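# Architecture and fold: a report
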Amino acid sequence: MNSEIFYWWCTALMVAIHAGFLAYEMGASRSKNALASGIKNLIAFAFLVPAFYYVGWWIYLSFPTGLTISEAGAAGLPWSANMGPNVTDHTSGVFYAAFTLFAATTASIMSGSVIERIRISGFTILALVLGAVVWNLGAAWGWHPQGWLTSTFGLHDTAAAGCVHTVAGFFTLGVLLNLGPRIGRYNADGSMNEIAGHNMPMSLIGLMLIVMGFFGFLGGCIIYTADGWTTIYNTPTNLSAFAFNTLMGVAGGMIGAYIMTRDPFWMMSGALIGVIASGSGLDLYYPGLAFLNSFAAGLVIPKVNDLIVRRFRIDDAVGAVAVHGVTGVWGVIAMGVFASGYPNIAGPETSIYGQAFSAVIFAVLGFVPGYALSYVLKVFGLLRAGKEAEIAGLDKVEVPAMAYPEARIPAFEHHLHASPAE
């Protein structure tokens, strides 16, 4: 029952991540796209809940050994006794709920990068495939006690830097290659124009909400048992280890990104960089090491984003490929660098080779379906909004509402010194 209560509140905290994504993406958009950018998150969340119930949980339980179906998957079938109310079962429902929020978070990572030009219908299809199928394969392979990346290569990825962030970041990269940049983002000579969002304070508040929600996300990465806390791999840990290293990672990433950019948006993105950079070894690192590792990532990742956006002209509106994809790879490999030789319950000890190989698998697992599916949507005209709609603003086309209707009402009409309220 204590376990049930714990995961209930972890799930509730994770909802704050989606409030955060909603706010920071709307703020990062121009006002003509604010609602269309935000509503994508609401739609993805709503659709992913039943998708994870009917498909996602079964995939996670069925494929730890690769692409062969495990008998354990039967517990995740929607007609299974585990998938409904049962007064003798205190864990199935809350585990499903927590993993559903992991899936929704994974899908939302893509959402900010594609703002201001993607069709909501196309985004919803991409989000469902990423959150209900692709991520679950990565989690089954590397974030599962019997996952083949752990049992064969010794992968240790406690806070899902690989199976969530790397997979989502590289899925996003595949989508962006087919989606293309926003109109006006790049000039004929290759130079880039800045496209500022309309509300930086809203974005900062949203990013801070994501940081708050990550305490629920990271809490959900710990297994509560009668004998104490363990990681997803059944290795011993406790909430104290997570508390030390989560806070130190957040602070390290923020400070590093602030020193490098002086940009408030990147300072708060640095908090996410910090958590991800130390995520794979969050249960093991000395707090000072977590701080330094995350600080270094905070210094480097904004420059990686500059390379992606300026050199390769990939219009990642919020830097998700760098913040989640590249930092996720960093986090997985860092575990091999700093904690090589740590024993796993099942499989070989952690190694640099095993961590690096697993990071490549996660990147490929994300990129290939992201590119392939978005290419198909592009062919059928379902990926990108039309030129006229993009210029006018997606809110006019996609959303039957206005974000700021008062902005079109003049303060005074007919030269009368009276407000509309008077």
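Just so it is clear, the structure is predicted and the values come from calculations on it, not from any experiment.

The next subject is the overall build of the protein. Along its length, the protein carries 14 helices and 2 strands. What you see for the protein is a C-alpha radius of gyration of 22 Å, in line with the 22 Å of a compact globule of 422 residues. Split into buried and exposed, the 422 residues of the protein put 54% on the buried side. Within the protein, contacts between residues separated by at least 24 positions form 78% of all contacts whose residues are at least 6 apart in sequence. In the structure as shown, the protein presents an accessible area of about 17,300 Å², 69% of it carried by carbon and sulfur atoms. The protein carries 17 positive and 22 negative side-chain charges, and their two centres are separated by 14 Å.

Moving on to a nonpolar patch on the surface. Taken together, the side chains of Ile125, Leu177, Tyr371, Tyr375, Val376, Val379, Phe380 and Leu382 define a hydrophobic patch exposed on the protein surface, amounting to about 730 Å² of accessible area. Per element, the largest residue contribution to the nonpolar patch is 4 residues, and it comes from helix α12 (residues 352–379). Within the secondary structure, Ile125 sits in helix α4 (residues 120–142).

Counting residues in each nonpolar core, the largest one holds 102 residues, and the members touching the most others are Phe99, Met110, Leu126, Trp135, Trp143 and Phe217. Apart from the residues lying within four places of it in its own chain, the contact partners of Trp135 are Phe52, Phe99, Phe102, Ala103, Thr106, Leu130, Trp143, Cys163, Val164 and Val167. Counting residues in each nonpolar core, the second largest holds 6 residues, with Ala290, Ala334, Ala339 and Tyr342 among its members.

With that out of the way, let us pick up unusual backbone geometry. Unusually for a residue other than glycine, Glu116 sits at a positive phi of about 75°. Turning to its location among the elements, Glu116 is positioned in the loop between α3 (92–111) and α4.

Turning next to the packing of α4 against α12. Put simply, α4 and α12 touch, their axes get as near as 10 Å, and they point 160° apart. Overall, the two elements α4 and α12 adopt an arrangement that is roughly antiparallel. α4 and α12 meet at a crossing whose hand is right-handed. In this structure, α4 uses Gly122, Ile125, Leu126, Val129, Val134, Leu137, Gly138, Trp141 and Gly142 to contact α12, whose residues at the interface are Ile361, Phe362, Leu365, Gly366, Pro369, Leu373, Ser374 and Leu377. The class makeup of the residues in the contact of α4 with α12 is 12 nonpolar, 5 polar and no charged.

What follows covers the confidence of the model for the protein. Predicted confidence across the protein gives a mean pLDDT of 94, with 96% of residues reaching 70 or more. Note on residues 414–422: pLDDT is under 50 here. Beyond four places in sequence and across chains, it has 8 contacts.

Here Ile361 lies in helix α12. Sequence separation of Ile361 and Phe380 is 19 residues, and the distance between their C-alpha atoms is 29 Å. Those residues within four positions of Ile361 in sequence are excluded, and the remaining contacts are Trp141, Trp148 and Leu149.

Attention now moves to the packing of aromatic side chains. Using the criterion set out here, one finds 32 aromatic pairs in the structure. On the basis of an interplanar angle of 75° and a centroid distance of 6.5 Å, the ring pair of Trp148 and Phe357 is categorised as edge-to-face. A residue pair is termed long-range when its members are at least 10 positions apart, and Trp148 in helix α5 (residues 148–153) and Phe357 in helix α12 qualify at 209 residues. Classification of Phe357 as partly exposed rests on a relative accessible area of 26%. If you follow Lys40 out to its NZ or CZ, it ends over the ring of Phe123, 5.2 Å from the centre. Positioned above the aromatic ring of Tyr258, the side-chain terminus of Arg262 is 5.2 Å from the ring centre.

Parameters and conventions
Residues numbered from 1 in each chain as written. Predicted model: local features only at pLDDT ≥ 70, side-chain atom pairs only at ≥ 80, totals over all residues. Heavy atoms only, no water. Helix = DSSP H or I, 4+ residues; strand = E, 2+ residues; numbered from the N terminus. Rg over C-alpha atoms; globule rule 2.2 N^0.38 Å. Buried < 20%, exposed > 50% of the residue type's maximum accessible area, 1.4 Å probe, protein only. Contact = heavy atoms within 4.5 Å. Areas by Shrake-Rupley, 256 points an atom, 1.4 Å probe, with all protein chains shown as cover. Lys, Arg positive; Asp, Glu negative; His and termini not counted. Charge placed at Lys NZ, Arg CZ, Asp CG, Glu CD. Patch = residues over 30% accessible without salt bridge, like charges linked within 9 Å, V, L, I, M, F, W, Y side chains within 5 Å. Salt bridge = Lys/Arg side-chain N within 4 Å of Asp/Glu carboxyl O. Core = buried A, V, L, I, M, F, W, Y, C linked by side-chain atoms within 4.5 Å. Axes fitted to C-alpha atoms, helices over the stretch in contact; angles between N-to-C directions. Parallel < 35°, antiparallel > 145°, perpendicular 65-115°, else oblique. Left-handed = near helix turned anticlockwise from the far one by under 90°. Nonpolar A, V, L, I, M, F, W, Y, C, P; charged D, E, K, R; others polar. pLDDT = per-residue confidence, 0-100. Phe/Tyr/Trp six-rings, centres within 6.5 Å; stacked < 30°, edge-to-face > 60°. Lys NZ or Arg CZ within 6 Å of the ring centre and 35° of its normal.

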